[in-house]
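Inside the fold
Here are the chains, one letter per residue:
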Amino acid sequence: MTPPQTHLIYVIRGSRARALPDRALVNCQYSSATFSTGERKRRPHGDRKSCEMGLQLRQTFEAAILTQLHPRSQIDIYVQVLQADGGTYAACVNAATLAVMDAGIPMRDFVCACSAGFVDGTALADLSHVEEAAGGPQLALALLPASGQIALLEMDARLHEDHLEQVLEAAARAARDVHTLLDRVVRQHVHEASILLGD
Amino acid sequence: MKETPLSNCERRFLLRAIEEKKRLDGRQTYDYRNIKISFGTDYGCCVVELGKTRVLGQVSCELVSPKLNRATEGILFFNLELSQMAAPAFEPGRQSDLLVKLNRLLERCLRNSKCIDTESLCVVAGEKVWQIRVDLHLLNHDGNIIDAASIAAIVALCHFRRPDVSVQGDEVTLYTPEERDPVPLSIHHMPICVSFAFFQQGTYLLVDPNEREERVMDGLLVLAMNKHREICTIQSSGGIMLLKEQVLRCSKIAGVKVAEITELIQKALENDQKVRKEGGKFGFAESIANQRITAFKMEKAPIDTSDVEEKAEEIIAEAEPPSEVVSKPVLWTPGTAQIGEGIENSWGDLEDSEKEDEDEGGSDEAIILDSITMDTGVEVSNIGSQDAPIVLSDSEEEEMIILEPDKNPKKIRTKTISAKQEKAPSKKPVKKRKKKRPAN
């Protein structure tokens with residue numbers, strides 16, 4: 001799996017006084033820079049696709065973050081895409097997972113996401129922009145690797161029912177690979193940070 | 001208006017019922033509500049009723065210049081609106097999240113799945129293409145908006161006829177419906193959304209949730225399929241954790257449901273086609289006729305009576321038999337017989353109570369008027385005794401007292417005290433009687 005060329009900036013802010021008395025409110029906003037795709041596209045801030053992406057990220061993280069531990073506070077996750085080469089939702093989820101972990105907010109498990117598609121009878125994982133534009137079916141899957149539970153499942157374009165299992169399996173396998181990568185990165189970061197703090 | 005919150009007992013009741021595999025309207029877990037499709041007089045206008053959820057769909061078309069990066073393709077535009085009449089919670093400013101979600105889902109289901117051949121909508125490449133606009137309005141919200149909306153959209157698209165166009169060299173001729181018959185759109189397949197509601201962290205699942213069930217559900221999985229068993233869209237929402245097996249099982253169920261619904265749609269379209277061809281009446285005015293008050297018709301609700309007999313037998317077996325009451329008839333004289341003994345006439349109680357009141361009144365007066373001379377006492381008792389046989393009417397008043405003028409006028413002149421006291425007793429019974437008629 002090639003490393004994604006989608007760059008993200010993330011911001012996590014916590015503990016603001018807010019509505020829900022028993023748990024935290026998770027708020028996600030997605031924004032895509034005009035220079036992120038091949039053609040320069042001016043995207044107004046509140047357009048439907050960004051809204052939808054924000055809602056989906058929110059749904060994913062509401063399920064993964066232990067919101068009961070932070071009542072009456074709000075967790076904002078802002079994602080800005082600098083360069084998009086396919087699989088933007090998956091990249092957003094992976095980056096946001098690292099950000100939430102870095103911020104110290106407790107989560108059930110890593111949330112690892114990957115996209116998958118189906119071309120010429122083979123299931124492909126992690127589609128690039130060219131493969132997405134070809135118009136075949138695309139699946140985006142966000143997974144909690146330890147339990148195998150699917151936090152979000154989204155699919156576009158026509159895929160025959162019989163191939164669904166194949167594609168799901170490919171996406172799940174790729175998400176687990178992402179998990180090993182993320183795990184390694186987090187441990188390395190913690191190791192370096194502890195060295196710097198001089199323990 | 002803010003949505004009224006669901007009470008805890010209602011929530012618990014619904015969840016318990018779902019655990020026992022029972023739904024409030026008597027459906028099974030995989031049953032859809034009744035789907036009713038009616039068409040308007042214009043081509044491309046339809047109303048779909050899924051139970052009580054109603055969606056109106058209207059398709060319109062226009063010639064526009066195409067998008068720059070897709071010069072040879074027509075444009076499809078979908079718009080779902082949650083009308084304020086659908087539910088009191090839908091206010092113009094408040095709907096954004098739900099609206100975005102539904103609209104995006106519909107767009108992905110119908111546009112990305114390429115159910116309509118957009119190439120056929122091209123008139124002059126790079127200059128003129130058809131823009132097809134589908135407007136959906138939610139008229140009543142009783143759960144499962146997305147299914148009803150997707151059915152309405154696809155039915156409206158299938159029903160729609162666009163004006164015929166011919167291109168000769170540089171000339172483009174647009175024919176009116178009178179000159180040439182309008183042409184239907186070329187539709188490859190019909191994607192239909194099927195919603196699955198999950199409860200208790202994914203343990204229980206229901207197809208086609210109604211509004212109450214939607215309020216208590218944990219999450220929703222929407223699968224759009226066509227009758228060729230191709231999945232067009234999957235969308236999970238609501239923060240439930242799914243397992244792969246659940247998704248696969250849902251896709252199998254959805255396949256079955258979509259086949260049924262597609263058949264229904266085909267039949268409805270054919271019927272409408274037939275009626276229009278034969279010159280019969282068509283349109284909403286015809287299809288809503290049943291709902292007049294003068295033609296009141298209740299839909300038959302199927303009730304499960306399979307175990308009624310056993311239950312009835314159980315109840316009879318466990319119940320105590322009634323006590324022996326039947327006695328033999330006794331013939332007194334020819335023409336007069338008696339069966340059993342009746343209970344005492346309870347009407348007698350009422351007269352007794354009236355008499356008791358009189359006596360009380362009389363006794364009260366007797367006590368108060370101790371100091372008064374014997375004459376007045378006699379008068380009082382006379383009044384009291386006179387009341388009993390006098391029954392003037394059967395009004396609600398228990399007694400009527402006739403106030404007679406004092407029989408000893410001399411006493412009034414000489415002994416004012418006694419006169420006052422005489423008047424007092426006459427007043428007292430009146431007061432007493434008034435007390436007895438509080439309702440009047």
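Residues numbered from 1 in each chain as written. Chains lettered and ligands numbered in written order. Predicted model: local features only at pLDDT ≥ 70, side-chain atom pairs only at ≥ 80, totals over all residues. Heavy atoms only, no water.

1. Re the overall build of chain B
Stated formally: To qualify as a helix, a DSSP run of H or I must reach at least 4 residues; to qualify as a strand, a run of E must reach at least 2; elements of each kind are numbered from the N terminus. Here's how the labels work: a residue is buried when its accessible area is under 20% of the maximum for its type, exposed when over 50%, partly exposed in between, all with a 1.4 Å probe on protein chains only. Pairs of residues are marked as contacts when any of their non-hydrogen atoms sit within 4.5 Å. Accessible areas in this description were obtained via Shrake-Rupley with a 1.4 Å probe; residue shielding takes into account the shown protein chains only.
What chain B contains, in helices and strands, is 11 helices and 16 strands. Counting the 440 residues in chain B, one finds 38% classified as buried. A sequence separation of at least 24 residues applies to 69% of the contacts in chain B between residues at least 6 apart. Carbon and sulfur atoms make up 54% of the accessible area of chain B, which amounts to about 27,100 Å² in all.

2. Details of the overall build of chain A
Scanning chain A from N- to C-terminus turns up 4 helices and 8 strands. Traced from its N-terminal end to its C-terminal end, chain A shows the element sequence β-β-α-β-α-β-β-α-β-β-β-α. Partitioning the contacts of chain A with sequence separation of at least 6, the portion at a separation of at least 24 is 74%. Accessible area for chain A stands at about 10,100 Å²; split by element, carbon and sulfur atoms hold 52% of it.

3. Description of the environment of valine 48 of chain B
All names here are of chain B. Residue position: valine 48 is located in strand β2 (residues 45-50). Placed 236 residues apart in sequence, valine 48 and phenylalanine 284 show a C-alpha to C-alpha distance of 12 Å. Each residue touching valine 48, except ones within four places of it in the same chain, is listed here: Ile35, Lys36, Ile37, Thr53, Arg54, Val55, Ala148, Ile151 and Ala152.

4. Digging into the interface of chain B and chain A
For clarity, the cut-off: Buried area: the accessible area, evaluated with a 1.4 Å probe, that two parts lose upon being put together, summed over both parts. Whenever a carboxyl oxygen of Asp or Glu lies within 4 Å of a side-chain nitrogen of Lys or Arg, that contact is scored as a salt bridge. N or O atoms within 3.5 Å of each other form a polar contact, as long as, within protein, one can give a hydrogen and the other can take it, and as long as residues adjacent in sequence are counted only when both atoms are side-chain atoms. Classification convention: Asp, Glu, Lys, Arg as charged; Ala, Val, Leu, Ile, Met, Phe, Trp, Tyr, Cys, Pro as nonpolar; all other residues, Gly among them, as polar. Here a strand pair is declared whenever DSSP counts at least two bridges between the two strands.
Tallying the contact residues gives 34 residues for chain B and 29 residues for chain A. Both sides together, the interface formed by chain B and chain A hides about 3,000 Å², and carbon and sulfur atoms give 53% of it. In terms of surface lost to chain A, no three residues of chain B exceed Arg104, Met241 and Lys244 of chain B, which account for 22% of the buried area on that side. Across the chain B-chain A interface, the total number found is 8 salt bridges. Put simply, arginine 108 of chain B and aspartate 156 of chain A hold a salt bridge, and the shortest N to O gap is 2.7 Å. At the surface where chain B touches chain A, the tally comes to 18 residue pairs in polar contact (both at pLDDT 80 or more). The leading source of residues in the side of chain B that touches chain A is strand β14 (residues 230-237) of chain B, at 8 residues. Grouping the amino acids of the side of chain B that touches chain A by side-chain chemistry returns 12 nonpolar, 13 polar and 9 charged. Sheet topology places strand β8 (residues 159-160) of chain A next to β14 of chain B; 2 bridges connect them, and they run antiparallel.

5. Re the nonpolar core
Keep this limit in mind: Joining through side-chain atoms within 4.5 Å is the link that ties buried Ala, Val, Leu, Ile, Met, Phe, Trp, Tyr and Cys residues into a set, and such a set is a nonpolar core.
Among the nonpolar cores identified, the biggest contains 104 residues, and Ile37, Leu136, Ile151, Phe196, Leu223 and Ile265 of chain B are the most heavily contacted of them. Of all the elements, helix α3 (residues 145-159) of chain B adds the most residues to this core, at 12 residues. For leucine 223 of chain B, the contacting residues outside a window of four places in its chain are Ile192, Cys193, Val194, Phe196, Ile231, Thr233, Ile234, Cys250, Ser251 and Ala254 of chain B. With 31 residues, the next largest nonpolar core counts Tyr89, Ala90, Ile105 and Met107 of chain A among its residues.

6. Quick look at the environment of asparagine 140 of chain B
Residue and element names in this part refer to chain B. By the element assignment, asparagine 140 lies in strand β6 (residues 128-140). Classification of asparagine 140 by relative accessible area gives partly exposed; the value is 26%. Discounting residues that sit within four places of it in the chain, asparagine 140 has contacts with Lys52, Thr53, Arg54 and Ala86. Within the local environment of asparagine 140, its side chain forms a polar contact with the backbone oxygen of lysine 52, the two atoms lying 2.8 Å apart.

7. Focus: the UniProt feature "domain: Exoribonuclease phosphorolytic" (unreviewed entry) in chain A
Rules: UniProt positions are given in the numbering used here, feature names are shortened, and annotations may be inferred rather than shown by experiment.
The feature "domain: Exoribonuclease phosphorolytic" (unreviewed entry), as annotated in UniProt, sits at residues 6-106 and 109-173 of chain A in this numbering. Taken end to end, residues 109-173 of chain A is 28% helix and 45% strand, and its two terminal C-alpha atoms sit 17 Å from one another.

8. Focus on the side chain of arginine 162 of chain B
Operational definition: We count Lys and Arg on the positive side and Asp and Glu on the negative side, and we leave His and both chain ends out.
Tracing the backbone shows arginine 162 of chain B in strand β7 (residues 161-162). Buried and without a salt bridge, arginine 162 of chain B has aspartate 164 of chain B as its closest oppositely charged side chain, separated by 4.9 Å.

9. Some points on the pairing of strand β3 (residues 74-81) of chain A
Residues and elements named next belong to chain A. Burial analysis of β3 places 6 of its 8 residues in the buried class, which makes it a mostly covered element. Pairing of strand β2 (residues 25-32) with β3, which is carried by 8 bridges, proceeds in the parallel orientation. Residue pairing across strands places cysteine 28 opposite isoleucine 77, the latter belonging to β3.

10. Things to note about the environment of aspartate 22 of chain A
Residues and elements named next belong to chain A. Within the secondary structure, aspartate 22 is located in the loop between β1 (8-13) and β2. Aspartate 22 gets classed as partly exposed once you look at its relative accessible area, which sits at 44%. Aspartate 22 sits 158 residues away from threonine 180 along the chain, and the two C-alpha atoms are 33 Å apart. Among residues more than four places away in sequence, those in contact with aspartate 22 are Thr67, Gln68 and Pro71.

11. Notes on the pattern of salt bridges
Evaluation of the coordinates by the stated rule reveals 27 salt bridges over all chains. Here aspartate 22 of chain A makes a salt bridge to arginine 23 of chain A, at a shortest N to O gap of 4.0 Å. Residue classification places arginine 23 of chain A among the partly exposed residues on the basis of a relative accessible area of 32%. The salt bridge partner of glutamate 52 of chain A is arginine 104 of chain B, with a shortest N-O separation of 2.6 Å.

12. Observations concerning a positive patch on the surface
Put simply, the test is: Without a salt bridge and with relative accessible area above 30%, a residue can belong to a patch; like charges are then joined within 9 Å and nonpolar side chains (Val, Leu, Ile, Met, Phe, Trp, Tyr) within 5 Å. By convention, charge coordinates are those of NZ in Lys, CZ in Arg, CG in Asp, or CD in Glu.
On the surface, a cluster of positive charge is made up of Lys41 and Lys49 of chain A together with Lys67, Arg70 and Lys114 of chain B. Turning to its location among the elements, lysine 41 of chain A is positioned in the loop between β2 and α1 (48-64).

13. Let's talk about a negative patch on the surface
All names here are of chain B. Together, Glu309, Glu310, Glu313, Glu314 and Glu318 line one region of the surface with negative charge. Tracing the backbone through its elements, the reader meets glutamate 318 in helix α7 (residues 308-318). Relative accessible area serves as the criterion here: at 66%, glutamate 318 is assigned to the exposed category.

14. Looking at the confidence of the model for chain A
Residues and elements named next belong to chain A. Which entries qualify depends on this criterion: The predictor attaches a confidence to each residue, and that confidence, scored 0 to 100, is pLDDT.
Chain-level statistics for chain A give a pLDDT mean of 81 and a share of 88% at 70 or above. Looking over chain A, one finds the lowest element-wise mean pLDDT in β1, namely 51, and the highest in helix α4 (residues 161-197), namely 90. Of the regions scoring below 50 in pLDDT, residues 1-7 engages in 16 contacts with residues more than four places distant in sequence or in other chains.

15. Considerations on the UniProt feature "domain: Exoribonuclease phosphorolytic" (unreviewed entry) in chain B
Within this numbering scheme, the UniProt entry marks residues 32-163 and 189-254 of chain B as carrying the feature "domain: Exoribonuclease phosphorolytic" (unreviewed entry). The span residues 32-163 of chain B is 24% helical and 37% strand by assignment, and the distance between its end C-alpha atoms comes to 36 Å.

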